[in-house]
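Overview (structure and organization)
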Amino acid sequence: MLTAAAGFLGNNETVLVGVGMPGQAATLAQGSHAPELTLVYESGAIGSRPARPPLSIGDPTLFAGALQSLSVADVFTFLIEGGRIDTAFVGAAEIDRLGRLNSTVIGPYESPKVRLPGSGGACEIVQYAKRSLLLSPLQERRFPAEVNFVTSAPPERAEILIVTDQCVLRRAPGGDEVELWRLYEGVEVADVDAVVGWPLRTSPELERMEVGGGIDD
Amino acid sequence: MAERATLSEAVAELVEPGSSLYITGFTHLIGFAAAHEIIRQKIEDLTLIRLTPDVVYDQMIAAGVASRLVFSYLGNPGVGNLHAIRRAIEGGEIEWTEYTHGSLIAALRAAASNLPFAPVEAVGATDLMKHNPGYATVEDPFGGGEIAVVAPVRPDLAIVHVQRVDQHGNVQVWGSTGDIREAAMAADRVIVTAEEIVDEAELRSDPNRTLLLGANVEAIALAPMAAHPSYAQGMYARDNRFYREWAEMSSTAEGARAYLDREVHGLDGREAYCELHRERLNELKRVGDQPAGTVNFGINAAIADVQE
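Residues numbered from 1 in each chain as written. Chains lettered and ligands numbered in written order. Predicted model: local features only at pLDDT ≥ 70, side-chain atom pairs only at ≥ 80, totals over all residues. Heavy atoms only, no water.

With that settled, the discussion passes to the overall build of chain A. A tally of helices and strands in chain A yields six helices and 14 strands. Expected size for 217 residues packed as a compact globule is a radius of gyration near 17 Å; at 17 Å, chain A falls within 12% of this value. Each of the three principal axes of chain A carries a C-alpha extent, and together these read 50 × 45 × 30 Å. The proportion of buried residues among the 217 residues of chain A is 59%. Sequence separation of 24 or more characterises 59% of the internal contacts of chain A that already satisfy a separation of 6 or more. Carbon and sulfur atoms make up 51% of the accessible area of chain A, which amounts to about 8300 Å² in all. Distance from the positive charge centre (17 side chains) to the negative charge centre (28 side chains) of chain A: 3 Å. (Helix = DSSP H or I, 4+ residues; strand = E, 2+ residues; numbered from the N terminus. Rg over C-alpha atoms; globule rule 2.2 N^0.38 Å. Buried < 20%, exposed > 50% of the residue type's maximum accessible area, 1.4 Å probe, protein only. Contact = heavy atoms within 4.5 Å. Areas by Shrake-Rupley, 256 points an atom, 1.4 Å probe, with all protein chains shown as cover. Lys, Arg positive; Asp, Glu negative; His and termini not counted. Charge placed at Lys NZ, Arg CZ, Asp CG, Glu CD.)

With that out of the way, let us pick up the side chain of Thr-104 of chain A. Position of Thr-104 of chain A among the secondary structure elements: in the loop between β7 (101–102) and β8 (105–106). Reaching out from Thr-104 of chain A, the side chain makes a polar contact with the side chain of Thr-151 of chain A at a distance of 2.6 Å. (Polar contact = N/O pair within 3.5 Å; in protein donor to acceptor, adjacent residues only side chain to side chain.)

The subject of this paragraph is unusual backbone geometry. Residue and element names in this part refer to chain B. Pro-229 follows His-228 through a cis peptide bond whose omega is 15°. Relative to the elements of secondary structure, Pro-229 occurs in the loop between β13 (219–222) and α8 (240–249). With a phi angle near 60°, Asp-54 is a residue other than glycine that sits in the positive phi range. Considering the arrangement of structural elements, one finds Asp-54 in helix α3 (residues 54–62). Here the phi dihedral of Met-225 falls at roughly 65°; this positive angle occurs in a residue that is not glycine. Following the sequence through the fold, Met-225 ends up in the loop between β13 and α8. On the accessibility criterion, Met-225 (5% relative accessible area) is buried.

Considered as a void within the structure, the largest pocket measures approximately 1500 Å³ in volume. For the largest pocket, the lining is made up of 50 residues, of which Trp-174, Gly-175, Arg-209, Gln-233 and Ala-292 of chain B are closest to its centre. Of all elements in the fold, only α3 (60–63) and β4 (68–69) of chain A together with β12 (210–212) and α11 (278–284) of chain B reach the threshold of two or more residues within the lining of the largest pocket. The greatest single-element share of the lining of the largest pocket, amounting to three residues, is contributed by α3 of chain A. (1 Å grid on protein atoms, 1.4 Å probe; cavity = no way out; pocket = protein on both sides within 12 Å on 5 of 7 lines; lining within 4 Å. Points joined across faces, edges and corners; volume = space filled by probe spheres on them.)

With that settled, consider the packing of α8 of chain B against helix α9 (residues 253–265) of chain B. Describing two packed helices takes the angle between their axes plus the distance from one axis to the other. Residues and elements named next belong to chain B. Here α8 crosses α9 at 125°, and the two axes come no closer than 7 Å. It follows that α8 is oblique to α9 by the angle criterion. On α9, the residues touching Phe-242, Trp-246 and Met-249 of α8 are Gly-255, Ala-256, Tyr-259 and Arg-262. (Axes fitted to C-alpha atoms, helices over the stretch in contact; angles between N-to-C directions. Parallel < 35°, antiparallel > 145°, perpendicular 65-115°, else oblique.)

To continue, consider the interface of chain A and chain B. Reports of interface size often rely on the accessible area that becomes lost once the parts have come together. Counting residues at the interface gives 41 residues for chain A, matched by 41 residues for chain B. Buried surface at the junction of chain A and chain B, both sides included, amounts to about 3300 Å², of which 59% is carbon and sulfur. Broken down residue by residue, the surface that chain A buries against chain B is led by Leu-55, Tyr-109 and Arg-115 of chain A, which jointly contribute 19%. The interface formed by chain A and chain B holds one salt bridge in total. (Buried area = accessible area lost by both parts, 1.4 Å probe. Salt bridge = Lys/Arg side-chain N within 4 Å of Asp/Glu carboxyl O.)

Let us now look at the domain arrangement of chain B. Entries for chain B in the domain assignment read domain 1 (3–97 + 153–288) and domain 2 (116–150). Centre-to-centre separation of domain 1 of chain B and domain 2 of chain B, based on C-alpha positions: 31 Å. (Domains from an automatic or database assignment.)

Right, let's talk about helix α5 (residues 101–112) of chain B for a bit. Residues and elements named next belong to chain B. Here α5 is twelve residues long and its end C-alpha atoms lie 16 Å apart, about the 16 Å a rise of 1.5 Å per residue gives. Most of α5 sits inside the fold, with ten of its twelve residues counted as buried. Within the span of α5, buried status applies to His-101, Gly-102, Ser-103, Leu-104, Ile-105, Ala-106, Ala-107, Leu-108, Ala-110 and Ala-111. Phi turns positive one or two residues past the end of α5, at Asn-114, with a value near 55°. (Expected span 1.5 Å × (residues − 1).)

Residues and elements named next belong to chain B. Across the ten residues of strand β11 (residues 189–198), seven count as buried, placing the element largely inside the fold. Bridging between strand β9 (residues 157–166) and β11 involves nine bridges; their strand directions are parallel. Bridging across to β11, His-161 finds its partner in Thr-193. When β11 meets β13, the two strands line up parallel, connected through four bridges. Paired with Ile-191 across the strands is Ala-219, a residue of β13. (Pairing = 2+ DSSP bridges.)

We now examine the sheet that holds strand β6 (residues 118–119) of chain B. Residues and elements named next belong to chain B. Within the open sheet, the three strands sit side by side as β6-β8-β7. Their pairing is antiparallel. The open sheet terminates on both sides in strands that have one partner only, identified here as β6 and β7 (135–139). Pairing analysis gives two bridges linking β6 to strand β8 (residues 146–150), with the strands arranged antiparallel. Bridging from a neighbouring strand, Ala-118 pairs with Val-150 of β8. Sitting on the sheet, α5 is in contact with β6, β7 and β8, with an inclination near 70° to β8.

Take the side chain of Ser-71 of chain A next. Tracing the sequence through the fold places Ser-71 of chain A in the loop between β4 and α4 (72–80). Under the relative-accessibility criterion, Ser-71 of chain A is labelled buried at 10%. A polar side-chain atom of Ser-71 of chain A sits 3.0 Å from the main-chain amide nitrogen of Asp-74 of chain A. Those residues in contact with Ser-71 of chain A that sit more than four places away from it in its chain are Thr-177, Gly-178 and Glu-182 of chain B.

What follows is the structure in structure tokens.
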């Protein structure tokens, strides 16, 4: 998943990342085909060149030697809501046919079965970033036809990429629903169909994708 | 005008039972010492406001000092879940009001600039609209259709931990400034706790780094290491071991209570806490040297008379 995600990050892009897998994918891209990648963290670190993996997004290692230090408010108003993020990593427990994300709750909102972290910045990110990138293993419970709670809903112009451990799903800009877009070697359409909770459409651009051995592969 | 106080005096005087409180710090410079002091003084029925409740509010909620939580992201950053808050929410023991980061920031800015509401377009398409009475929709007077708006969020008090403050309460911060300015400007009153109290001249030599003015600050307390276990840029690293230990301890209500009994109620203040953790703190304080560049603020004093 990491290497696949890293492959989607272009050299001159501005990428909103977090700690953990998104940060690792960005670092992987920076170390190979995208040395000029600009990393943006919600904490206000812009253009970070971390000397070690950050413990959290406010980690001093993201600010020492950064291009700029902004407030959280400036990151949201100018960079995220201003539409200046090319690719943004988001997290979610569920994603549905329309590319809507749930990171809020499983079960009723007022008396939750499982309380999830909540939106954080995901609602604004999915609304304004050119492309939102979700890393998620391909599991039935994560791909229902309709999410239990709409935390983030992509507008028509946005692109949503869901990089899984078997394939890449995509809601294209201007598209109406999530489609199968890339299949990793050794995975068949039927394998994906068996997991996703709605009749999954195949993109006219469906291709096989080779994923090199990465940190997690 | 800001007055010098001890942390315990500032908390006793300015944190009122039943009031709303914002302790700042976006994973960096989190005011843990103030939170512990509030727990120690058993000031209850608080409304706790923060973008990211973090371990600091997990501890306060485990301690039972809060009746309501206002937030936009629940997580132990880089570690996982906040168990005490989840238990309280899933068990119906606490009320909560939930935002998104962008709209909670907009709500703080609306309060800070005396606006009746602020547009928050992205929230309009979400289910959160139905669950937070602080959201509504209005008709865009310029023909853009319906748009979601958010009511101001005005904390009674903000507690801000910073690297340095002068004797008048003027504040400088470097590294992540996070939510400090928005929360402090939105709040009715502000307490500043600081790693160092420096001379006004030192701040005046570098005005671009000044984040808050003393005119908006009620009390200043010197509180070294007050952000532990979180970080202070250029001063100490995060105690990540503690963040992981808290995840473990707080996985049961008894475990969380045992920690609070031992390290908050069982100690008479922050100095005792620092003494207890002296070795660990010394380890965390070993940061490298990476000074910021200097710039010239000099003027041409001879060009003085604009009437010339």
